[in-house]
Amino acid sequence: MCKKINFHKNKSLLILIMHVKHHNPHGLSAKIISTLFVLFSCITPSRAAENPLNQQTQWHLMLKSAIAGDSGAQLQVGKSYLFGNGVSKDEDAGVEWLTKSATKGNIHAQELLGEHYLLDDYNPDYLLARDWIYNAIERGSAYAKADLGYMYEYGLGVEINTQLAFALYQAAAEKGAINGQLRLARMLVAKKEYQQAAKLLQVLAGAGYTSAQNGLGVLYLNGWGIKENVHEANELFKLAAEQGMAAAQTNLAESYYFGRGITTDTKEAYRLYQLGAEGGDPHAQQILGWMYSSGRGVKTDLQLAFKWYAMAAAQNDLKAQASIGEAYFYGHGVPVNPELALKWLKKAGVKGQPDAQEFLGVAYRDGYASIKTNKIIAYAWFDLAFRKGQQSAARSRADLAHSMTMAEQDTAYQLASQWKAGMDLADIYSE
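Predicted, not measured: the structure shown is a model, and the values here were computed from it.

Trainee: How should the overall build of the protein be read in this particular structure?
Mentor: The number of helices and strands found in the protein is 25 helices and zero strands. Taking all 431 residues of the protein together, the buried fraction comes to 48%. Entry remark: accessible area of the protein is about 21,400 Å², with carbon and sulfur atoms responsible for 52%.

Okay, structure coming up:
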């Protein structure tokens, strides 16, 4: 039996499906696309037993054509090796055959090569990605234009330029490139242009795109650009979650945990958080860490909590980074390590995480590890944490104020007011 495929755990297959969807002149339904995805992922025993000789014959004929120099056959052989379709997966062989095809001007091979080098988890090569993406754009590829926008949005081998990224997404979307439409919708949400985002996401969600279903669910949940409808939001989360989208599984878990438009079910919430976390969603990983740390819905297990925190922290989840700092501070699941505690607390605190900022206030108030006591810096960290809603930090600030002069408090307040995300107060304070 074929295992259920998770789109977000197998990026190469996701690229392939997006490629199939993009080059789909006959408007294949989402159900057919999903079926293709499963067929590309594995061959069921019954199908393999139907006519294995015919499959081998087809493969040998295609390989023979590829060796003879047919660029279309080279593309198919390259995809087969790159994604492990009917043959053992061999990325090097896949790239070699795709390069042969792309060098002959095959636009689809150029697109796939550009995206492969751009999105490779272990060894991305942004210079090669850009070269092949430009080649595809010169041949009229809107799909590659959206990939170039992705490079500019995140500064991958180029200077970050979100305006140019947005313009490239728009241009690609207008030409019907699905990757451009999905990325454009995401940027519209980030720019709080919710009505435009909602219109675009409704079309994409109706076509079966999981990220669009999840994104539209978020808009319904919050009433952004569309009338608030928690029930509709949960239905959309379910659709995407059932297809393996980690972020949707996490959103649906939140609904079950908090009884958000649905009957509270902690066990179902945990199951969905687990799926989301295993699928790579950092928020689900952070929540699982919290559940194991606090014993909420599961048996307390500090080592398991640390494991999930570490996975989320590696994806820059600030709450998880603060939790790792606390774990090293108290010795929860790991040995006490003051220097590692400070490292993680500073990592999260300088980016604005209030729990970490409060801990940094304690470190400067009491003196901790390599930090020397400094009431002004301590007061400023407490103040910043309070501004983010950390009520306990307000009490710590008030207690500290009893041992400070008014001039010292004013200096600390001014110091906190100078802070911007990414700043360490110790670096901008001078006595």
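There's more to say after this.
Trainee: Where do I start with the side chain of Asp383 in this structure?
Mentor: Position of Asp383 relative to the elements: it lies in helix α22 (residues 375-387). Overall, Asp383 belongs to the buried group, its relative accessible area being 2%.

Trainee: Honestly, helix α20 (residues 338-349) in this entry has me stumped. Any pointers?
Mentor: Helix length check: α20, at 12 residues, gives a terminal C-alpha distance of 16 Å against a target of 16 Å (1.5 Å per residue), a fit within 8%. Residues of α20 that are buried: Ala341, Leu342, Trp344, Leu345, Ala348 and Gly349. Those residues of α20 that are buried are in contact with α18 (302-313), α19 (318-330), α21 (354-366) and α22.

Trainee: It is not clear to me how the packing of helix α6 (residues 91-103) against helix α7 (residues 107-119) should be interpreted in this structure. Could you clarify?
Mentor: When two helices pack together, their arrangement is given by the angle between the helix axes and by the axis-to-axis distance. Contact geometry for α6 and α7: axes closest at 8 Å, N-to-C directions at 140°. Classified by the interaxial angle, the pair formed by α6 and α7 is oblique. Between α6 and α7 the crossing geometry is left-handed. Contacts between α6 and α7 pair Glu91, Val95, Leu98, Thr99, Ser101 and Ala102 from the former with Ala109, Gln110, Leu112, Leu113, His116 and Tyr117 from the latter.

Trainee: In this structure, what is going on with unusual backbone geometry? I would like to understand it.
Mentor: With the exception of glycine, most residues fall at negative phi, and the peptide bonds are largely trans. With phi around 70°, Asn316 is a residue other than glycine that occupies positive phi space. With respect to the secondary-structure elements, Asn316 resides in the loop between α18 and α19. For Asn316, a relative accessible area of 49% translates into the label partly exposed. Here the phi dihedral of Ala369 falls at roughly 55°; this positive angle occurs in a residue that is not glycine.

Trainee: Before we go on, may I ask you to explain the confidence of the model for the protein in this structure?
Mentor: Any residue range with low pLDDT should be treated as having predicted coordinates unsuitable for detailed reading. With 87% of its residues at a pLDDT of at least 70, the protein reaches an overall mean of 89. Below pLDDT 50 for its whole length, residues 1-50 participates in 73 contacts with residues either more than four positions away or in separate chains.

Trainee: I'm lost on the pattern of salt bridges in this one. Help?
Mentor: Where side chains of opposite charge bring their charged atoms close, a pairing between them can arise. In the structure shown here, the tally under the stated rule is 11 salt bridges. Between Arg186 and Glu153 there is a salt bridge; the shortest N-O distance is 2.6 Å. Of this pair, Arg186 sits in helix α11 (residues 178-190) while Glu153 sits in helix α9 (residues 142-154), and the two are 33 residues apart along the sequence. For Arg186, a relative accessible area of 34% puts it in the partly exposed group. The exposure class assigned to Glu153 is buried, which follows from its relative accessible area of 12%. Across the pair Lys319 and Asp355 runs a salt bridge, and its minimum N-O distance is 2.2 Å.

Trainee: In this structure, what is going on with the packing of helix α15 (residues 246-258) against helix α16 (residues 266-278)? I would like to understand it.
Mentor: Running from N to C, α15 and α16 point in directions that differ by 160°, and their axes come no closer than 8 Å. It follows from the interaxial angle that α15 and α16 lie roughly antiparallel. Crossing geometry of α15 relative to α16 is assigned as left-handed. Across the interface between the two elements, Ala246, Gln249, Thr250, Leu252, Ala253, Glu254, Tyr256, Tyr257 and Phe258 of α15 pack against Thr266, Glu268, Ala269, Leu272, Tyr273, Leu275 and Gly276 of α16.

Trainee: Where do I start with α6 in this structure?
Mentor: Helical periodicity: at 3.6 residues per turn, an α-helix aligns residues three or four positions apart in one direction. Look at α6: 18 Å from first C-alpha to last across 13 residues, which is about the 18 Å you get at 1.5 Å a residue. Among the residues of α6, the N-terminal cap falls to Asp90, whose side-chain oxygen and the backbone nitrogen of Asp92 are separated by 3.3 Å. At the C-terminal side of α6, Gly105 shows a positive phi close to 100°.

Trainee: Which parts of the structure should I look at to understand the nonpolar core?
Mentor: One broad trend across soluble globular proteins is that nonpolar side chains are buried collectively. Judged by nonpolar contacts, the single largest core of 115 residues is most densely connected at Tyr273, Trp381 and Leu425. At eight residues, α22 tops the list of elements feeding residues into this core. Leu425 has contacts with Ile377, Ala380, Trp381, Leu384, Leu415 and Trp419, leaving out every residue within four places of it along the chain. By size, the runner-up hydrophobic cluster in this structure holds eight residues, among which are Trp59, Ala66, Val87 and Trp97.

Trainee: Can you help me understand the environment of Ser255 in this one?
Mentor: Among the secondary structure elements, Ser255 is positioned in helix α15. Given a relative accessible area of 0%, Ser255 falls into the buried group. Once the C-alpha coordinates of Ser255 and Thr266 are considered, the two residues, 11 residues apart in sequence, prove to be 10.0 Å apart. Look past the residues within four positions of Ser255 in its chain and what remains in contact with it is Asn234, Arg260 and Ile262. A distance of 2.6 Å separates a polar atom in the side chain of Ser255 from a polar atom in the side chain of Asn234.

Analysis parameters
- Residues numbered from 1 in each chain as written.
- Predicted model: local features only at pLDDT ≥ 70, side-chain atom pairs only at ≥ 80, totals over all residues.
- Heavy atoms only, no water.
- Helix = DSSP H or I, 4+ residues; strand = E, 2+ residues; numbered from the N terminus.
- Buried < 20%, exposed > 50% of the residue type's maximum accessible area, 1.4 Å probe, protein only.
- Areas by Shrake-Rupley, 256 points an atom, 1.4 Å probe, with all protein chains shown as cover.
- Expected span 1.5 Å × (residues − 1).
- Contact = heavy atoms within 4.5 Å.
- Axes fitted to C-alpha atoms, helices over the stretch in contact; angles between N-to-C directions.
- Parallel < 35°, antiparallel > 145°, perpendicular 65-115°, else oblique.
- Left-handed = near helix turned anticlockwise from the far one by under 90°.
- pLDDT = per-residue confidence, 0-100.
- Salt bridge = Lys/Arg side-chain N within 4 Å of Asp/Glu carboxyl O.
- Polar contact = N/O pair within 3.5 Å; in protein donor to acceptor, adjacent residues only side chain to side chain.
- Core = buried A, V, L, I, M, F, W, Y, C linked by side-chain atoms within 4.5 Å.

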